[in-house]
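This is what each chain is made of:
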Amino acid sequence: MLNSDELALIEQNPYKADFPLLANNPELVFLDSAATAQRPACVLDAQRKFYETMNANPLRGLYRLSVDATRSIAEARAHVARFIGAVDKQGTPQGNEIVFTRNASESLNLVAHSLGHLLLRPGDEVVISIMEHHSNLIPWQQICRETGAKLVFLRLDDDFRITPAEIKAKIGPRTKIVSVTQVSNVLGIENDIPAIAARAHAMGAKMVVDGAQSVPHIAVDVRELGCDLLAFSAHKMCGPMGIGVLWGKAELLDVMPPFLTGGEMIDSVSETNAVWAPVPQKFEAGTQDAAGSYALDAALSYLEEKDWNTLETRERLLVRYLTDQLAALDFIDIIGPTDGRRHLGSVAFNVGDVHPHDVASILDMQNICIRAGHHCAQPLLTELGVSSTSRASIAFYNDKTDIDRLVEGLKQVWQVFHGNR
Amino acid sequence: METVNLYNAAFMDHVAHPDYKYQMDDPTHTHEGINPSCGDDLIFSVKIGDDGVIEEAAYQGSGCAISQASADMMADLITDKTPQQAIELCRLFMDMVRGTETDPDKLALLEDAASLKDISHMPARVKCAELAWRTLEEMLEDRGN
């Protein structure tokens, strides 16, 4: 349980006022940030500022406005690189290792297609975990079908952990690619990526990480993780919808074939051939969302200004409080660890025998937003023996009142279904 | 609170004490409907008598309260109706939950099921409410084929 100092911290909320949607709807309890976060005014302003002051097609223009747009993308790349620890020995951000995509899903599709065609031959194996979001599952199903490779799953023990024995058993000499989520979008648990990456590399495989649920909540350092590629979305970390990131080691991106082709990603083109532009442009066909990357840059600045450690500490307290409060309700079954210290962002649960869609609808009538369903992770739910769950997820702009309102809302759900029986 | 509008006592009574949720002996028609994304699964059966009238309706399966209550209300409504009348009621119900039919006089034909009209403001739940009706309509239109 949280002590009085910790409770006092999450009772205060110095952040909500920065978020117009939350500030303008004081009755709204938004507990679905794992699906998409809210955005602070400074991010919305940045999007507008791009179009008002530097709007031109980046990369190809020879006039100053286009140069400004191009520079904004380069600055955003460098900022993202710094944010995830993609720096050289001198600490210089490696912006050329940052590929902008539409979202984490597109980043993972790019990797599966490009790395898959580069590395996979019949009989090879791709290892993922049973808890993957469909975005880190279906692209691998597809590329395995195309190349004749086999998809192998890391499974969880009874304590929701991928054990060292499981890692050793599943990742072996035939493994060419390992792709695992750092944090589960259902269970909220964090996987031991450095251990999985070490085994992958010992077997000569490449390590891909789905960071969609980790980068928004914890300081992620790609060198410490030991991965080769990392995918995440801006919209889950206060940035705009429609822009995502793929980070990759430069020497790997260099040898990976392009995914989408067309304008902006070539150096020269003849009737029958084309020479690719260097990375990252090689992976960015067509006009990019320059306003989006400019706004993502602003979102990262906002998070840094509020101090990343302060935000992470607050989120860990919020998710612990959420888990403790849910565990204290005898009609709630938490799907995942009941120790809030093991959760990042999300807690999945069921309200007795009440269907999660009814839970979400009755909460919605009380202005409380949660997610209900299979969370784009059907194989995980099948493995756990449930067809759907409810999920509450927090961000630093939530507070104790939000969670207390959820608890009251869930009591109301239980009352509707079981009050008079 | 708004919950009383939809999840009210009459609605919850259909969920907690359904009259038509059982395995029917000797149905003349049976059809399964599913909502894969929800996990709703419904098997609906009718017995059509020699006079061409639905003399018994029943369902089995699992799903959310809206899909279950809707099925129970529908089974009650279509008993003693002809298949053609039942198909017309199915279409009326689907028009109601999609918000394209709002005439209270017409909706009164749906009896208890008219209480689900607020579903038209809950787009994510339309397919839950429709499941039984869609299943019945498919079954009755396919009969004899």
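Residues numbered from 1 in each chain as written. Chains lettered and ligands numbered in written order. Predicted model: local features only at pLDDT ≥ 70, side-chain atom pairs only at ≥ 80, totals over all residues.

Draft legend 1. Molecular detail of the overall build of chain A. Per the secondary structure count, chain A includes 15 helices and 15 strands. The C-alpha atoms of chain A give a radius of gyration of 22 Å, which matches the 22 Å a tight globule of 421 residues would have. Expressed as lengths along the three principal axes of its C-alpha atoms, the size of chain A is roughly 75 × 55 × 40 Å. In chain A, buried positions account for 52% of the 421 residues. Across chain A, every contact between residues at least 6 apart in sequence was considered, and the portion connecting residues at least 24 apart equals 69%. (Helix = DSSP H or I, 4+ residues; strand = E, 2+ residues; numbered from the N terminus. Rg over C-alpha atoms; globule rule 2.2 N^0.38 Å. Buried ≥ 20, exposed ≤ 12 C-beta atoms within 10 Å, placed from the backbone. Contact = placed C-beta atoms within 7 Å.)

Draft legend 2. Inspection of the packing of helix α4 (residues 83–97) of chain B against helix α6 (residues 126–142) of chain B at higher detail. Residues and elements named next belong to chain B. At a minimum axis distance of 9 Å, the contact between α4 and α6 shows a crossing angle of 155 degrees. Between α4 and α6, the angle is such that the two are roughly antiparallel. Considering how the two elements wind past one another, α4 and α6 form a crossing that is left-handed. Contact residues: α4 offers Pro-83, Ala-86, Ile-87, Cys-90, Phe-93, Met-94 and Val-97, while α6 offers Val-126, Ala-129, Glu-130, Trp-133, Leu-136, Glu-137, Leu-140 and Glu-141. (Axes fitted to C-alpha atoms, helices over the stretch in contact; angles between N-to-C directions. Parallel < 35°, antiparallel > 145°, perpendicular 65-115°, else oblique. Left-handed = near helix turned anticlockwise from the far one by under 90°.)

Draft legend 3. Molecular detail of the sheet that holds strand β14 (residues 371–373) of chain A. Residues and elements named next belong to chain A. Taken together, the 4 strands give an open sheet; going across it, the order is β11-β12-β15-β14, and neighbouring strands pair in antiparallel fashion. In the strand order of this sheet, the two ends are held by β11 (332–335) and β14, each with one partner. In this sheet, neighbouring strand axes are inclined to one another by 30 degrees on average, regardless of whether the strands run parallel or antiparallel. As judged from the 3 bridges shared by β14 and strand β15 (residues 389–393), these two strands associate in the antiparallel manner. Among the inter-strand pairings, Arg-371 is bridged to a residue of β15, identified as Arg-391. In this fold helix α12 (residues 308–327) packs onto β11, β12 (346–351) and β15, with an angle of close to 15 degrees to the strand it touches most, β12. Each of β12, β14 and β15 touches helix α13 (residues 356–364); the most contacted strand, β14, lies at about 155 degrees to it. (Pairing = 2+ DSSP bridges.)

Draft legend 4. Just unusual backbone geometry, in detail. Residue and element names in this part refer to chain A. The peptide bond linking Val-279 to Pro-280 adopts the cis configuration, its omega dihedral lying at 0 degrees. One can find Pro-280 in the loop between β10 (274–276) and α11 (290–305). Look at Asn-367: it is not a glycine, yet its phi comes out positive at around 65 degrees. Within the fold, Asn-367 resides in the loop between α13 and β13 (368–369). Phi angles above zero are rare outside glycine, and His-375 is one such case at about 55 degrees.

Draft legend 5. Fine view of the sheet that holds strand β2 (residues 40–48) of chain B. Residues and elements named next belong to chain B. Reading across the sheet, the 3 strands line up as β1-β2-β3 and stay open at both edges, with antiparallel pairing between neighbours. Looking at which strands have only one partner, the edges of the open sheet turn out to be β1 (29–35) and β3 (54–62). Adjacent strand axes in the sheet meet at a mean angle of 15 degrees, parallel and antiparallel pairs treated alike.

Draft legend 6. Local environment of the interface of chain B and chain A. Taken residue by residue, the interface counts 16 residues in chain B and 13 residues in chain A. By residue class, the composition of the side of chain B that touches chain A is 10 nonpolar, 4 polar and 2 charged. (Nonpolar A, V, L, I, M, F, W, Y, C, P; charged D, E, K, R; others polar.)

Draft legend 7. Representation of the confidence of the model for chain B. With 96% of its residues at a pLDDT of 70 or more, chain B shows a mean pLDDT of 92. Model confidence for chain B, summarised as mean pLDDT per element, is weakest for helix α1 (residues 3–6) of chain B at 65 and strongest for α4(B) at 97. (pLDDT = per-residue confidence, 0-100.)

Draft legend 8. Local environment of helix α8 (residues 193–202) of chain A. All names here are of chain A. Taken together, the buried positions of α8 are Ile-193, Ile-196, Ala-197, Arg-199 and Ala-200. Buried positions in α8, seen along its axis, are confined to an arc of 160 degrees and lie on one side of it. Phi turns positive, to about 80 degrees, at Gly-204, one or two residues after α8. (Arc of directions from axis to C-beta.)

Draft legend 9. Highlighting the environment of B:Ile78. Residue and element names in this part refer to chain B. Looking at the secondary structure, you find Ile-78 in helix α3 (residues 65–78). For Ile-78, a count of 24 C-beta atoms within 10 Å translates into the label buried. The spatial distance from the C-alpha of Ile-78 to the C-alpha of His-29 is 14 Å, given a sequence separation of 49 residues.

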